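Breakdown of the fold
The primary structure of each chain is shown beneath.
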There are 2 protein chains.
Amino acid sequence: MDIKPRQLEIIEAAGQLVTEDGFAALTTKRLAERMHFTEAALYRHFKSKEEILVTMLHHLASNIDERLASVAEAHPEPVERVRAMFDSQFTYFQKNPQYLMAIFASGLLEASHGIDAGIERIMVVKRRHLLNAIKDGQRSGAFTSDHSAETLTHIIMGTFRLHMLQWRMSGRSFDVRKKGRTIIGAALDLITR
Amino acid sequence: MDIKPRQLEIIEAAGQLVTEDGFAALTTKRLAERMHFTEAALYRHFKSKEEILVTMLHHLASNIDERLASVAEAHPEPVERVRAMFDSQFTYFQKNPQYLMAIFASGLLEASHGIDAGIERIMVVKRRHLLNAIKDGQRSGAFTSDHSAETLTHIIMGTFRLHMLQWRMSGRSFDVRKKGRTIIGAALDLITR
DNA sequence: CCAATATGTAAGTGAACACTAACTTACTTT
DNA sequence: AAAGTAAGTTAGTGTTCACTTACATATTGG
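**What to know about the overall build of chain A**
Tallying secondary structure elements over chain A gives nine helices and zero strands in all. When the helices and strands of chain A are placed in sequence order, the string is α-α-α-α-α-α-α-α-α. Relative to the compact-globule value of 16 Å for 193 residues, chain A shows a C-alpha radius of gyration of 18 Å, a close match. For chain A, the spread of C-alpha atoms along the principal axes amounts to about 60 × 35 × 30 Å.

**Overview of the protein's contact with DNA strand D**
Within the structure, DNA strand D sits among 16 residues, and F37, T38 and A40 of chain A together with T27 and K49 of chain B are positioned closest to it. For the surface near DNA strand D, the elements supplying multiple residues, two or more each, are α3 (39-42) of chain A together with α2 (28-35), α3 (39-45) and α4 (49-74) of chain B. For the surface near DNA strand D, a count of residues per class yields five nonpolar, four polar and seven charged.

**Quick word on the protein's contact with DNA strand C**
Neighbouring residues of DNA strand C: 16 residues in total, closest A40 and K49 of chain A together with F37, T38 and A40 of chain B. Elements represented by at least two residues in the surface near DNA strand C include exactly α2 (28-35), α3 and α4 (49-74) of chain A together with α3 of chain B. It is α3 of chain B that provides the largest number of residues to the surface near DNA strand C, a total of four residues. Across the surface near DNA strand C, the residue classes break down as five nonpolar, four polar and seven charged.

**A word on the interface of chain A and chain B**
At the interface, 31 residues of chain A touch 31 residues of chain B. Contributing elements (two or more residues each) for the side of chain A that touches chain B: α8 (149-169) and α9 (176-191) of chain A. When residues of the side of chain A that touches chain B are assigned to their parent elements, the largest contribution, 11 residues, is made by α8 of chain A. Here the side of chain A that touches chain B is composed, by residue class, of 17 nonpolar, eight polar and six charged.

**Observations concerning the nonpolar core**
In this structure, A14, L57 and A187 of chain A together with A14, L57 and A187 of chain B are the most contacted members of the largest nonpolar core, which totals 111 residues. Not counting the four nearest positions on each side in its chain, L57 of chain B is found in contact with A102, I115, G118, I119 and I122 of chain B.

**Focus: α8 of chain A**
Because an α-helix completes one turn every 3.6 residues, residues spaced three or four positions apart along the sequence face the same direction. Between its terminal C-alpha atoms α8 of chain A stretches 30 Å, which fits the 30 Å expected from 21 residues at 1.5 Å a residue. At the exit of α8 of chain A stands G171 of chain A, carrying a positive phi of roughly 75°.

**Details of the packing of helix α1 (residues 5-21) of chain A against α4 of chain A**
All names here are of chain A. One can describe the packing of α1 onto α4 by two numbers: an axis separation of 10 Å at closest approach and a directional angle of 95°. Taken together, the axes of α1 and α4 lie roughly perpendicular to each other. Two secondary-structure elements touch here, α1 through Q7, I10, I11, A14 and G15 and α4 through I52, L53, T55, M56 and H59. For the contact of α1 with α4, a count of residues per class yields six nonpolar, four polar and no charged.

**Section: the relation of the copies chain A and chain B**
With an RMSD of 0.0 Å, chain A superimposes on chain B once it is rotated by 180° and translated 0.0 Å along the axis. Here the symmetry operator amounts to a two-fold rotation axis. Across chain A, the smallest distance between a C-alpha and the rotation axis is recorded for G158 of chain A, namely 2.1 Å. When you check the interface residues of chain A against chain B, 100% turn up at the interface there too, and the contact is symmetric in its surfaces.

Quick notes on the rules
- For every chain, the first residue of the written sequence is number 1, and numbering continues from 1 along that sequence.
- Numbering of ligands from 1 and lettering of chains from A proceed in the order in which they are written.
- Where totals are concerned, whole chains, interfaces and linings use all residues; where local detail is concerned, this predicted model gives features only for residues with pLDDT of at least 70, and gives and counts side-chain atom pairs only at 80 or more.
- Put simply, DSSP H or I for four residues or longer makes a helix, DSSP E for two residues or longer makes a strand, and each gets a number counted from the N terminus.
- Just to be clear, the radius of gyration here is over C-alpha atoms, and the globule rule we use is 2.2 Å times residues to the power 0.38.
- The rule is simple: place the C-beta atom from the backbone, and if it lies within 6 Å of a molecule or strand, the residue is near it.
- Under the convention adopted here, Pro, Cys and the residues Ala, Val, Leu, Ile, Met, Phe, Trp and Tyr are nonpolar, Asp, Glu, Lys and Arg are charged, and Gly plus all remaining residues are polar.
- Placing C-beta atoms from the backbone, we regard two residues as in contact once those atoms come within 7 Å.
- Note on terminology: a nonpolar core is any set of buried Ala, Val, Leu, Ile, Met, Phe, Trp, Tyr and Cys residues joined through C-beta atoms within 7 Å.
- Here a residue counts as buried when 20 or more other C-beta atoms sit within 10 Å of its C-beta, as exposed when there are 12 or fewer, and as partly exposed otherwise, the C-beta atoms being derived from the backbone.
- Any helix carries an expected span of 1.5 Å times its number of residues minus one.
- Every axis corresponds to a line fitted to the C-alpha atoms, with the helix fit spanning only the stretch in contact, and the corresponding angles, defined between N-to-C directions, vary from 0 to 180 degrees.
- By definition in this entry, angles of less than 35 degrees are roughly parallel, angles greater than 145 are roughly antiparallel, angles of 65 to 115 are roughly perpendicular, and the rest are oblique.
- Only residues with pLDDT of at least 70 in both copies contribute their C-alpha atoms to the least-squares superposition of the copies.

Following this line, the structure appears as C-alpha cells:
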C-alpha cells in the first residue's frame, strides 16, 4: 500500500484534528477546511472517511516498526536498547504529535473494525520489539528473571502509555523526552538486577 | 448531588452502551431503546446527554473514593494496602463492567469540558489513594526510596491501566482479578526492597 | 375530590453528518 | 492538436443526531 504525497497531507491534517480536539472533531467538513478545499475533494483521494483513518494507522504502524527495528539493530545491549527504543518513540511523537491519538484510542473508538484493528496493530508492533529486548536482557542476566518477560513488558509498556497520556492531557506542556527518560529509567532500574 | 433510582438505571444503561460498543454508540435513540421508553422520556430525568455522562462520572468517582478510603482504613500495612486497593478495583469492575470506559476515555473524548473533567477526576482520586500508600510504604521502609513516590505511583498506575485495557479489548474473556493479582504482585515485588 | 407531581408518548425541529453527481480546469501524454 | 487524467468545484442527497412541544396518564397528599 503506497501513500501518495497528497494523501499523506490529508492524513497528517486528520491526525492534527484528532489530537487537537478529539475524535469527534474529525469531520469531513473540518478536514476539508484544514486542507483548504471542499469536502468533495477529499473523495478524490480516499473513498471514505474510514479509509483515511485506516491508511493513517497503517502508515504509523509501518513507521514505528521501521524505527524500532533500526534502533534494535544499532543497540545490541538490552538495557541500552530499551532506553533507545523509548527515546526514539519520544522523539517521534514530539515531532509528529498528530499521531498521538493512536496510542490511546484502542478499544474506545470502534467506529469500525478496520480502525480498531489498525490501532491494535500499533500496540502489537511495539510490544513485539520490547518483548524481544526484555527476553534478551533476561538471557544475558541484565534483567530479573523473577517475573516473566511478558509481565516485565507489560509493566514497561503501561508506564510508557501513561506517560504519553499525561503529556497529551497536559497539552504537551512539558518535555516528554526528558521526563520520559527519568520514568523509563526508573522502570528499567527496577527490573535490572 | 443525589441520584434518583430512575436516574441510576439510565446511567447504568448508558455505561453499558459505551462499554459494549464505544462512545459513538451512546445515542439518545439507543439509550431510550435500552430503557424501553422513548427518547423524550430521557429528558424527564436529565436535561441533556452531557448531564447523563457527567452524573455518571461523578457517581463513579464517589464510589471509587469511598471504596479506596475504606480499604485504606482496613489495611494499615502499605504493601497489603496496595494489594487490597487493586483487589477492590478488580472486584468493582468485574461487577460493574459498564463503567470500564471511564478508565480509558481520558483526553480522548473532549465532547465537552464537563465530561473530560469528570474522567480526569476519577484518575486523580485513584492516584491520591495510591500515592498515600506508596509514601507510607517508603516511610516504613517497605518500598524502595531509590525513586520518588510519584514515579513509583506512575509505574503501578500505568501497569493497572494497561491491564484493564487488555481485559476490555479481549472482550473481558479472562479473569481480571486473578491475572491482575499476578501482575500487580509483580510490580509490587519490583518496588519492594 | 382534586390539584400537584412524576413519568410517559407522538410528532416533530433544525443542524450536522458522510457522501454523491455533474461539471470544470489544468496538466501531461501521444 | 486531441485525448486522457488528476484534482478541484457547486449543489445537492438521505440519514442521524440531540433536543422540544404539546398532550396523556397514573399516583399521591391535602
